[in-house]
Amino acid sequence: MSEAERARYRIVDLVLDERTVVRRSPDVEHERKVAIYDLLEENLFRPEGSEGGPYKLHLAIEENRLVFDIRLEDGSEHGRLMLSLTPFRKIIKDYFLICESYYDAIKTAAPAQIEAIDMGRRGLHNEGSQLLKDRLDGKVSVDFDTARRLFTLICVLHIKG
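Fair warning: this is a prediction, and the values are worked out from it, not measured in the lab.

## Description of the sheet that holds strand S5 (residues 77–84)
In step 1: Strand order in the open sheet formed by four strands is S1-S3-S4-S5, with mixed pairing between adjacent strands. Unpaired on one side and paired on the other, strand S1 (11–16) and S5 mark the two borders of the sheet. Neighbour to neighbour, the strand axes of the sheet diverge by 20° on average, direction disregarded.
In step 2: In the sheet, strand S4 (residues 65–72) pairs with S5 via seven bridges, with the strands oriented antiparallel. Bridge pairing in S5 links Arg65 to Ser84.
In step 3: Its contacts with the sheet put helix H4 (residues 111–136) on S4 and S5, and the angle it makes with S5 is roughly 120°.

## Structural notes on the pattern of salt bridges
In step 1: Tallied over the full model, the rule gives six salt bridges.
In step 2: Its salt-bridge partner being Asp118, residue Arg121 comes within 2.8 Å of it at the nearest N-O pair. Taken as a pair, Arg121 and Asp118 lie in helix H4 at a separation of three residues, close to a single helical turn.
In step 3: Here Arg121 falls in the buried class, since its relative accessible area comes to 13%.
In step 4: Exposure remark for Asp118: the relative accessible area of 14% places this residue in the buried category.
In step 5: The salt bridge partner of Asp118 is Arg122, with a shortest N-O separation of 3.1 Å. Of the two residues, Asp118 and Arg122 are both situated in helix H4; the distance of four residues between them amounts to about one turn of the helix.
In step 6: A cluster of three or more residues bridged by salt bridges with shared partners is formed by Asp69, Arg71 and Glu77.

## Observations regarding helix H2 (residues 26–41)
In step 1: Here H2 is 16 residues long and its end C-alpha atoms lie 22 Å apart, about the 22 Å a rise of 1.5 Å per residue gives.
In step 2: Within H2 the residues assigned to the buried category are Val28, Arg32, Ala35, Ile36 and Leu39. Down the axis of H2, the sector holding all buried residues measures 95°, keeping them to one side. For H2, the exposed residues set more than 90 degrees away from the buried face come down to Pro26, Lys33, Tyr37 and Glu41.

Here is what the cut-offs are and how they apply
Residues numbered from 1 in each chain as written. Predicted model: local features only at pLDDT ≥ 70, side-chain atom pairs only at ≥ 80, totals over all residues. Heavy atoms only, no water. Pairing = 2+ DSSP bridges. Helix = DSSP H or I, 4+ residues; strand = E, 2+ residues; numbered from the N terminus. Axes fitted to C-alpha atoms, helices over the stretch in contact; angles between N-to-C directions. Contact = heavy atoms within 4.5 Å. Salt bridge = Lys/Arg side-chain N within 4 Å of Asp/Glu carboxyl O. Buried < 20%, exposed > 50% of the residue type's maximum accessible area, 1.4 Å probe, protein only. Expected span 1.5 Å × (residues − 1). Arc of directions from axis to C-beta.

Written out as structure tokens, the structure reads:
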């Protein structure tokens, strides 16, 4: 893909639906900020049949569905995509559990134990990212790094307190 095409098929602004947000831990808030920053720095986001953006993306959860409200850079509507969250439930639940173990471990555990937990955490994150990439197939093309960052943000949206 040429540089001109990469510039057209990318997210330049991302908003998380904050209606359900509770106070997040500093660790989660840091992950959210890093994921958004990294996503906006480099991503590939190509809705099927689109002539190009760049895009503004609003991510939300509504009635057990992940909502991608896709707009063009000028704010005009481009499309809305909804994915069932049911296939993600177990991975997100397991990911939260292992993240909790990881954050607890970094306070007191030996480096080898922290590394082992982190490997499991990354493995689950990769699994969730690949699932998202697969679920978007035929609707929106994304590269793996974009899927990873979006999966992080989907997890952030699940935090209810």
